[in-house]
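Residue-level structural notes
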Amino acid sequence: MLKRLVEAAAAIAGHGLVLFVRMVTAPRAIWAGIEPIPRKRVYFANHTSNADFPLVWAVLPAFLRSRTRPVAASDYWLKNRLRAFFGRDVLNAVLINRDRDNRDPEEDPVQRMIAALDEGSSLIIFPEGMRNLTEDPLLEFKTGLYHLAMARPDVDLVPTWIDNLNSVLPKGEIVPVPLICTVTFGRPIHIAPGEDRDIFLSRAHAALVALNKGSEE
Amino acid sequence: MNGHAEFAQLFTGLVLALLGATLVAAAIRRWWTGPPLGSENIIIETVFARINAWWAMVVLLSLAALFGRIGIVVLFAMISFAALREFLTLTAKRRADHGVLMFSFFVALPLQYVLVAAGWIGLMTIFIPVYAFLFLPVIAAMRGDSAGFLTRIAETQWGLMLCIFAASHAPALLALDIPGFEGKQILIIAWLVIVVQAADMAHFITPRLMGRTRIAPDVPHSRTWEGFIGALGAGVVVGTALAWITPFASWQAAIMALLVSLLGYAGGMVMATIKRDKGVADWGHLIPGQGGFMDRLDSVVFSAPLLFHLVRFFWTSV
């Protein structure tokens, strides 16, 4: 009974969240080199704001949204009950433990992501591993994307550039300002057999940066 | 509100005209294959998109008018909001500008329209050019980030002036006290929008039907003598024909329409230059097929303050 109530509340909150994000940022999805069809995918995006997840989630069509799970840090999303409700119940996030030294082996982030993919979900990940607060458009990638690509080489890795959200809600601000955001989905990449880790990661990095340049034109 | 008869006539006329335009455009799209449309059906598609936008304008303005002055003020406040969002999305800003942006959206915009609704014309005409102008850089300077400071402040202030201040002069017409025209001021707003849209449309169509002679070698391809003269001509003809809904005599309506079309044309040109500077084709994507609010309303925004002050100077009883 309680579970039903939580599910219903989560569904309503999910619609509310999408509506709110749409009203504030009037977001537009640009599908440049890939179509919004229900395939198993990993959307890897630049990360500048806590609203990145809700934004990507909101611009996905509803039939993709219900099967797409963000991969997020449990220390942030389980900090209080409200965040836990949004993180776990509304966004249905794959929560991972960033504390490399004090986690169980079964909490391995890559294993968690692979398990979610195998259940049929698509994922949204931020391969920079943290929010980018520098002037640099995109930080170096962590190795998670590589391990994911090695473990499930057939899954589409979709570069996803989020533009302008750092102006809507910069770090440390509470009130978002209503500027227009775009989310550009680029041509998917796959790992080549025997491809070197660093080469693959720099190729993925370049694919994402290229979308930024593209959206400026 | 008085003026029900004129309003009803205008509304009926507009609906019939749009109905006619929609049918004619549909017929041309369906059957006309000869020149000049044969190869260039961008004309008819653009005309269609504009006709749809005009339907939206007629419906929105009429709905707002049902709620009287408050309805119109709220409608224009919402248009200002959409335009300001499109504008400030493209202007220079940094993280330190969050306070400036919050002030623009959540203080300057509502306050300006409260002044318009209250009819405090004195304060309305100086609030953004004087007080916001002086206050905005203070909020920004307090954050200490000096990189590109003047550019950031100037571009933001420009957005406020255009999207809030200039746009709010259209609903401000309702606050004017015109002897013999009480309660009918909304018809002047309708007249302004119709004249400007007619001029805009003619500016788009005439060069495509009559050829292109560029106004100057360095201006873009779309700025032609044919378009310029077509725009002014269409504006004057439509504006004069609609003199009966305004407090103007026919010859006065012709002069006013000429000025409004001229300003509207200039406004379109200025906004197009800004778009090229920022490297975008359209201001936004809210109206399908024709970009953002700003793409459709730039000319109205530029001509509203002039119309407001001319009407205020020559027709009100102060």
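A brief look at the structure comes next. Bear in mind that the values here come from a model prediction, so they are computed numbers and not experimental data. (Residues numbered from 1 in each chain as written. Chains lettered and ligands numbered in written order. Predicted model: local features only at pLDDT ≥ 70, side-chain atom pairs only at ≥ 80, totals over all residues.)

Of the regular secondary structure elements, chain B holds twelve helices and zero strands. When the helices and strands of chain B are read in sequence order from the N terminus, they spell out α-α-α-α-α-α-α-α-α-α-α-α. Rg of the C-alpha trace for chain B: 20 Å, near the compact-globule value of 20 Å for 318 residues, within the 12% margin. Reported as C-alpha extents along the three principal axes, the dimensions of chain B are approximately 65 × 50 × 30 Å. In chain B, once contacts between residues fewer than 6 apart in sequence are set aside, the share between residues at least 24 apart is 71%. (Helix = DSSP H or I, 4+ residues; strand = E, 2+ residues; numbered from the N terminus. Rg over C-alpha atoms; globule rule 2.2 N^0.38 Å. Contact = placed C-beta atoms within 7 Å.)

Turning our attention to the interface of chain B and chain A. The partner chain A presents 13 residues to the 14 residues of chain B that form the contact. Those elements that place two or more of their residues in the side of chain B that touches chain A are helix 3 (68-90) and helix 4 (98-118) of chain B. A class-by-class count of the residues in the side of chain B that touches chain A yields five nonpolar, five polar and four charged. (Nonpolar A, V, L, I, M, F, W, Y, C, P; charged D, E, K, R; others polar.)

Turning to the nonpolar core, a few remarks are in order. One finds Leu55 and Val56 of chain A together with Ala83, Ala167, Leu192 and Val195 of chain B to be the most contacted residues of the largest nonpolar core, which totals 140 residues. If near-sequence neighbours (up to four positions away) are discounted, leucine 55 of chain A is found in contact with Val21, Thr25, Pro27, Ile162, Leu165, Cys181 and Val183 of chain A. (Core = buried A, V, L, I, M, F, W, Y, C linked by C-beta atoms within 7 Å. Buried ≥ 20, exposed ≤ 12 C-beta atoms within 10 Å, placed from the backbone.)

Let's shift gears to helix 7 (residues 144-151) of chain A. Looking only at helix 7 of chain A, the buried set comprises Leu145, Tyr146, Leu148 and Ala149 of chain A. Along helix 7 of chain A, the residues classed as buried sweep out an arc of 165° about the axis, all on the same side. (Arc of directions from axis to C-beta.)

So, about the sheet that holds strand 7 (residues 182-185) of chain A. All names here are of chain A. Judged by pairing direction, the sheet is mixed, and its seven strands sit side by side in the order 1-7-6-2-5-3-4 without closing on themselves. Two strands bound the open sheet, and with one partner strand each, they are strand 1 (28-31) and strand 4 (94-96). Pairs of neighbouring strands in the sheet enclose a mean axial angle of 25°, with direction left out of account. Pairing of strand 3 (residues 68-73) with strand 4 involves three bridges; the strand directions are parallel. Looking at strand 4, one finds that alanine 73 is bridged to isoleucine 96. (Pairing = 2+ DSSP bridges. Axes fitted to C-alpha atoms, helices over the stretch in contact; angles between N-to-C directions.)

This part is about unusual backbone geometry. All names here are of chain A. Phi at alanine 26 takes a positive value of approximately 40°, unusual for a residue other than glycine. Mapped onto the secondary structure, alanine 26 falls in the loop between helix 1 (2-25) and strand 1. Since 20 C-beta atoms lie within 10 Å of it, alanine 26 is described here as buried. Although it is not a glycine, asparagine 164 adopts a positive phi angle of roughly 85°. For asparagine 164, the position within the fold is in the loop between strand 6 (156-163) and helix 8 (165-168). Given 20 C-beta atoms within 10 Å, asparagine 164 falls into the buried group.

Let's shift gears to the pairing of strand 7 of chain A. All names here are of chain A. Burial of strand 7 is two-sided: the residues Thr182 and Thr184 facing one way and the residues Val183 and Phe185 facing the other way are all buried. Note that strand 1 and strand 7 share four bridges and pair parallel. From the neighbouring strand, isoleucine 30 faces strand 7, where its bridge partner is threonine 184. Across four bridges, the pairing between strand 6 and strand 7 is antiparallel. Bridge pairing links isoleucine 162 to valine 183 in strand 7.

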